[in-house]
Every structure is written in C-alpha cells, then in structure tokens.
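Summary of structural features
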Amino acid sequence: MDYVYHYTSADGLKGILESKSLWATNAEYLNDFREIKEGIDKIKSLRDSLSEFSQRKLEEIYAKHKKLPLDVVQKAMQNEEVHLANHFLQFLWDIIEKTELDEIYTTSFTTERDSLNHWLTYGTEQTSYCIKFNKEELHDDLYFRQRKFLSSYDAVEYKPATNILNSVLEKHYLPELLGYILNSNLDEKEQDEKCAIAAIEAFNEVIFKVASIKNRAFEYEKEYRFTLFDPGIVSLNGNEKVDYFDFIDSSHFEFLEPEHGEFFPLHYRTLKSGVIAPYRAIPFPKNSIEEIIIGPSENNELAVKGLRSLLASLDFDVEVSSTKTSFRRI
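Below is a summary of the structure that appears in this document. (Residues numbered from 1 in each chain as written. Predicted model: local features only at pLDDT ≥ 70, side-chain atom pairs only at ≥ 80, totals over all residues. Heavy atoms only, no water.)

1. Here's the deal with helix α1 (residues 10-19)
- Among the residues making up α1, those that are buried are G12, L13, G15, I16 and L17.
- Buried positions along α1 lie against β1 (3-9), β2 (21-26), β4 (128-134), β11 (289-294) and α12 (300-313).
- One or two residues past the end of α1 sits K20, with phi positive at roughly 50°. (Buried < 20%, exposed > 50% of the residue type's maximum accessible area, 1.4 Å probe, protein only. Helix = DSSP H or I, 4+ residues; strand = E, 2+ residues; numbered from the N terminus. Contact = heavy atoms within 4.5 Å.)

This is the structure we're talking about:
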C-alpha cells in the first residue's frame, strides 16, 4: 500500500480537517516560481528537433509492426502516410502556442514520513503536523472528470522537459497515430479528426508532466504532486470552439451539475511571504487519512490532547503520533 504525506501548520491542519478538503494553489505561486514557465519555454524550443524525433520514431514503430527493415519503411513513408504525423505535430504546437496556462492548481505531498528536512522547510516555529494519506483512497480520476476537470497524482520529475516530452509521444501518441495510418476504414478527414483529438490529449498529458517538473536542487524533497487543470474550450484547424468534453468522446461519462455555484470554487490564502494566493478546495474521502504526526513541539502533550479532541469532534478515526526526531528550537 502506498502512502503520501502532507506537512502543514496548525491552522492549515485545522482548515483541512474542518473543510475535509486540500488546498490546490495556483501553480504560479509555487516555491520555485520558474517551474511551469521554464518547462513550457523548453518545450517550445524543441519544435524542430521534436519533429525529427517524431518522424524517426514513427518509422521505427512502423518497421517493427510490419517486420520490415527500417530503410525500406523510411522510403515507403515518404508518400501520403507521412502527413498524419505532421498534422499531429502542427495541432500540438498550435495548442502549446495559444493556450494560457494560468488555471493549473497543485497540492504538494512527499513520500517522506517524519522528515526533519520537511519539518524545517514547511513547519512553523510552533507546532507543525504531517498528514499521512492512503494514496489509493485519496484520488479518483472519475470524480474530477464527472465535474469537467482533469487531474493527476504524479511523482515530481527532476529531469529535463526534453526527455519527458519525448517519452509521452513515443509511448502513447506515436503508436496511436500508426493505428490511424494502418486503418484502411478511415478517410483523410476522419484521420485528421482523430489526430486533432490525440493532439489535445497529448497536450493535456504534457501539461501534467510540466506541472510535475522541478529543479534538481529540490530533489531531496521526494515530492508527489496533485494537479488540477480545467481544459476549457478547444479549437483546432479553424474548427468551431467547443468544450473539451464535447470535443473528445465523453459519451461514457455521466457529468454532474453543481448544486450551488461551481465545482472547486476559487478561494484565497496568505502565504508565509505575505503574498495572497488563489487556491481551489479539493475534497478528499475521510478514510484516506490514516495518521497525523505531530512535529517538534515544546507542548507535545497539549498538542496531542488538542488534536485528538478536534478529530473526535469531526468524527475522524485517525491515529495520532509524535515525531521521532530529536530536533528542538532553542
């Protein structure tokens, strides 16, 4: 069973428990402010090399499928079949260039339990807390899709955006394109439509990957990140603008309508720096919390007593423990 941990202050813990929700902060307000911007800028700089990479990989996949020598396939793919990969990449770049990435919200976790580094970095001078979540219980992708949001829980990547983008395309989307090429029942218009949908899906996956890229200087954190993204309206190849979930095949989803206001409404909180940051409240199942660890504190007994009282009042069945670190502030 996998667990992730969220370190927070006393006020943060109280708010999380009382609202039964986590706070996903706008990604622009992350502690490494360059993360998202640098990731996207790096991807934009890859345009020419990515086209060459995609063409080469498509040829390799095709050769393997047909059990033919690569040089034979390369000659064969100089004909009309090659247009599909080019259209796919053109769609993808069009989306990357035109989409504003200001509606990405994230919540950070770590795989490190009772970590002194995290107590020092994310704790307060008073008492801090670490919430242990059962990762499998914490996230249900269908829950968010039914509310027309996309989401992911991913380990943070500490490697260049180049490798991540190439991996996304090679493992998922280039084989998908090959399937369209080999499908004799699809005419060119149908192929282009499927290609456009694949480009949208690739872009969304890239967004989640970029939102999970972090500078190697932060590698010690062993971070795990929840990301929430509103795909909004899409338009490709001069087509009419439509809602993302109308654009893709979403007939198998039973979408929900909010009873009041909107899903995951926008709130604001004050960061340690004094900056006011927008966030969205993300509900979680009560049974996803299995333990709360109390950090270094001069008032440990009172902290334990107060936390147990709060948990009982909110009907949480959660283990309470204290840090094993010997750190103290003097």
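2. Points about unusual backbone geometry
- Located in the positive-phi region is K20, a residue other than glycine, with phi close to 50°.
- For K20, the location among the structural elements is in the loop between α1 and β2.
- Of the residues examined, K20 reaches a relative accessible area of 28% and is grouped as partly exposed.
- Backbone geometry at F264 places phi at a positive 50°, although glycine is not the residue there.

3. Examining the pattern of salt bridges
- Counted by the stated rule, this structure contains nine salt bridges.
- Among the ionic pairs, K14 bridges to E18, the shortest N-O distance being 3.1 Å. With K14 and E18 both in helix α1, this residue pair falls four residues apart, about one helical turn.
- Its relative accessible area of 41% is what places K14 among the partly exposed residues.
- The closest approach of N and O atoms between E291 and K132, which form a salt bridge, is 4.0 Å. In this pair, E291 is assigned in strand β11 and K132 in strand β4, connecting sequence segments 159 residues apart. Assigned by exposure class, E291 and K132 land together as buried.
- Connected through salt bridges with shared partners, the residues R113, K132 and E291 form a single ionic network. (Salt bridge = Lys/Arg side-chain N within 4 Å of Asp/Glu carboxyl O.)

4. Some thoughts on the nonpolar core
- F88, L92, Y173, F203, F229 and Y244 are the most contacted members of the largest nonpolar core, which totals 37 residues.
- Breaking this core down by element, the ones donating at least two residues are α5 (83-98), α9 (161-182), α10 (188-210) and α11 (244-247).
- Sort the elements by how many residues they give to this core and α10 lands first, with 11 residues.
- With 34 residues, the next largest nonpolar core counts L17, Y153, I289 and F316 among its residues. (Core = buried A, V, L, I, M, F, W, Y, C linked by side-chain atoms within 4.5 Å.)

5. Thoughts on the packing of aromatic side chains
- Under the criterion given, the structure shown has 16 aromatic pairs.
- Relative to F144, the ring of Y143 has its centre 5.1 Å away and its plane inclined at 85°; by these criteria the two rings are edge-to-face.
- Consider the rings of Y143 and F264, whose centres lie 6.3 Å apart with planes at 50°: the pair is tilted. Here Y143 is found in helix α8 (residues 141-145), whereas its partner F264 is found in the loop between α11 and β9 (266-270), with 121 residues between them in sequence.
- Members of the aromatic cluster, connected to one another through ring pairs, are F109, F133, Y143, F144, F149, Y153, F226, F263, F264 and F284.
- Above the face of the Y3 ring, K132 is positioned so that its terminal group lies 4.2 Å from the ring centre.
- Above the ring of F263, the side-chain terminus of R147 is found at 5.3 Å from the ring centroid. (Phe/Tyr/Trp six-rings, centres within 6.5 Å; stacked < 30°, edge-to-face > 60°. Lys NZ or Arg CZ within 6 Å of the ring centre and 35° of its normal.)

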